[in-house]
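# Summary of the model geometry
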Amino acid sequence: MAWLAGRGVATAKVVDHGQNEESAWLVTEAVTGITAASWPSGDLATVTRSLADAARMLHSLPIDGCPFRRDLATTDLLASARVEAGLVDLDNLEDQYDGWTGGQLLDELRRIRPTDENLVVCHGDLTPDNVLVDPDSGQLTGLIDVGGLGLADRWLDLAILYRELSDGPFDRSHAAQFLRRYGVTSDPAKMSYYVLLDEFF
């Protein structure tokens, strides 16, 4: 959060943090606005534009000096560690992976791993729940839940938002609008990989 704030991105301001032998804590100020997921369903085109603009703004930040990594090598290690620790929620998988084991998911992740990545600053969990907008205009007011922030291929964010904008209350037309507004064409291979990667976290 502090790193983003230092680059002009609105997010929760850290008031206090610390830990002792029993617990850890983080206190922040509230970010103004409502979540994009709470935007009225009668005007989803407005908030879809704001989501695309938020992604484009974040991905345009200079990558020099970013201390956080979410690149392929890093996430492969994290995914493997989570499988070994039994932290993958196998009861809440996408329909196409229903009934799969953690090992099967990991094998498939490695099989479809992209051969290239174009690193930008990614949110890591860029869903409508984590983007706050002004309740009147729909303009971006801030980003929250940025614990997955780091350098990664832009499709780490785009694939997740595309998935979220393809289902109620959104639909495929909003997902297509999102990609047009952002300025890219669909990349099915990378979308499949990063949607699968999301199953591990």
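This one's a predicted model, so the numbers in the text were calculated from it and none came from an experiment.

This model, assessed by the stated rule, comprises four aromatic pairs. Here Trp 3 and Phe 68 contribute two aromatic rings whose centre-to-centre distance is 6.3 Å and whose plane-to-plane angle is 85 degrees, an arrangement assigned as edge-to-face. Here Trp 3, found in helix H1 (residues 2-5), pairs with Phe 68, found in the loop between helix H2 (44-59) and helix H3 (72-84); they are 65 residues apart in sequence, far enough to count as distant. Residue Phe 68 is classed as partly exposed on the basis of its relative accessible area, which comes to 35%. Taking NZ or CZ as reference, Arg 70 lies 5.1 Å from the ring centre of Phe 201, over its face.

Moving on, we get to helix H7 (residues 188-198). Those residues of H7 that fall on the buried side of the exposure criterion are Lys 190, Met 191, Tyr 193, Tyr 194, Val 195, Leu 196 and Leu 197. Along its buried surface, H7 packs onto H3, helix H4 (102-111), strand S7 (150-153) and helix H5 (155-164).

Along the chain, Arg 70 falls in the loop between H2 and H3. The sequence separation of Arg 70 and Val 15 amounts to 55 residues, and the corresponding C-alpha distance is 26 Å. Beyond its immediate sequence surroundings of up to four residues, Arg 70 is in contact with Thr 75, Leu 78, Gly 124, Gly 148, Leu 149, Gly 150, Leu 151, Ala 152, Leu 156 and Phe 201.

Reading the values: the criteria
Residues numbered from 1 in each chain as written. Predicted model: local features only at pLDDT ≥ 70, side-chain atom pairs only at ≥ 80, totals over all residues. Heavy atoms only, no water. Phe/Tyr/Trp six-rings, centres within 6.5 Å; stacked < 30°, edge-to-face > 60°. Helix = DSSP H or I, 4+ residues; strand = E, 2+ residues; numbered from the N terminus. Buried < 20%, exposed > 50% of the residue type's maximum accessible area, 1.4 Å probe, protein only. Lys NZ or Arg CZ within 6 Å of the ring centre and 35° of its normal. Contact = heavy atoms within 4.5 Å.

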